[in-house]
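# Structural features, examined
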Amino acid sequence: MRHFLYIQFPGCDNECSLLSQLLYRPSLMKLFLLVLALLTISACGDSVGKPQPTADSNSAAQVYLGMSERLLSELRLQGRAPELEHISTALAVAMYAQIPDLRLRFPECDAYLQSLYQGFDSSVQLTHAELSEQYRNGDALPNFEAPICYHIKEATVLPLLIRAIVRESQTGAVNTVSARRHALKAQAHFNIIQQQLQRK
């Protein structure tokens, strides 16, 4: 039996319905519902410009890790583009939901992460080339004060790059080599973040 769910994320316009997809697998549905709950909490907390901790940052981390493993698995199996787009979108949103809590845990990154957080809605609409130019090679973000800020940014932007690769595939055949490289890097950056959090 196929399951459908339409999700409208807070702060998204019609174009941002890129984040609102028809989900047809119960496992993806459950993860998206958890991400949605975390995202709603964090978005409300940040509406006055001050970060608030998410209700359960460990759950957000588990969502990210679960989606990361799922993405790598689908890439190994040469997964279908719609499935890869769903998962990479969820991975980016799961990291986005953690940013308010990470701003509290890493105050040295506050301005940097606030800029990353506020630019997320527009970043999901960028092409691969635009993401690379603005977030990896350009000046879309202020200078960071500590390496951990960079790791958080990469764990957020790399899933968006994967998503862009999938969306821009002209023949339906996804460049899984580049996508898998991005996924492995995102996972590595996220693991460093978790290690830094454990030391606090």
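Look above for the structure.
Before going into details, it helps to say that this report is about the structure given with it. Just so it is clear, the model here is predicted, and its values are computed rather than measured.

Moving on, we come to the packing of helix α3 (residues 81–105) against helix α7 (residues 147–167). Two numbers describe how α3 lies on α7: the axes approach to 8 Å, and their chain directions differ by 160 degrees. The orientation of α3 with respect to α7, classified from their angle, is roughly antiparallel. Like other packed secondary-structure pairs, α3 and α7 cross with a definite hand, here left-handed. Here α3 contributes A81, L84, E85, S88, T89, L91, A92, M95, I99 and L102 to the contact with α7, which in turn contributes I152, A155, T156, P159, L160, I162, R163, V166 and R167. Of the residues that constitute the contact of α3 with α7, the class distribution is 13 nonpolar, three polar and three charged.

Under the defined criterion, the tally for this structure stands at five aromatic pairs. Taking 4.2 Å as the distance between ring centres and 20 degrees as the angle between the ring planes, the aromatic pair formed by Y64 and F190 counts as stacked. Here Y64, found in helix α2 (residues 57–76), pairs with F190, found in helix α8 (residues 176–198); they are 126 residues apart in sequence, far enough to count as distant. By relative accessible area, Y64 is classed as buried at 1%. Looking at F190, the relative accessible area reads 0%, which means it is buried. Look at Y112 and F144: their rings are 5.7 Å apart centre to centre, the planes differ by 80 degrees, and that puts the pair in the edge-to-face class. On the criterion of sequence distance, the pair formed by Y112 in helix α4 (residues 110–118) and F144 in the loop between α6 (128–137) and α7 is long-range, its members being 32 residues apart. Grouping aromatic residues by their ring pairs yields a cluster made of Y96, Y117 and F120.

Secondary-structure assignment places A94 in helix α3. By relative accessible area, which is 1% here, A94 ends up buried.

This model, assessed by the stated rule, comprises one disulfide. The disulfide partner of C109 is C149, and the gap between their sulfur atoms is 2.0 Å. Between C109 and C149, the S-S dihedral sits near -85 degrees, and the bridge is therefore left-handed. Of the two residues, C109 is situated in the loop between α3 and α4 and C149 in helix α7; the sequence distance between them amounts to 40 residues. For the pair C109 and C149, a shared accessibility class is recorded, and that class is buried.

Their axes nearest at 10 Å, the elements α3 and α4 cross at an angle of 160 degrees. Regarding the angle of α3 to α4, the classification is roughly antiparallel. Seen from above, α3 lies across α4 with left-handed handedness. Residues Y96, I99, P100, L102 and R103 of α3 lie in contact with α4, whose contacting residues are D110, L113, Q114, L116 and Y117. Its residues assigned to classes, the contact of α3 with α4 comprises seven nonpolar, one polar and two charged.

The rules behind the values
Residues numbered from 1 in each chain as written. Predicted model: local features only at pLDDT ≥ 70, side-chain atom pairs only at ≥ 80, totals over all residues. Heavy atoms only, no water. Axes fitted to C-alpha atoms, helices over the stretch in contact; angles between N-to-C directions. Helix = DSSP H or I, 4+ residues; strand = E, 2+ residues; numbered from the N terminus. Parallel < 35°, antiparallel > 145°, perpendicular 65-115°, else oblique. Left-handed = near helix turned anticlockwise from the far one by under 90°. Contact = heavy atoms within 4.5 Å. Nonpolar A, V, L, I, M, F, W, Y, C, P; charged D, E, K, R; others polar. Phe/Tyr/Trp six-rings, centres within 6.5 Å; stacked < 30°, edge-to-face > 60°. Buried < 20%, exposed > 50% of the residue type's maximum accessible area, 1.4 Å probe, protein only. Disulfide = S-S within 2.5 Å.

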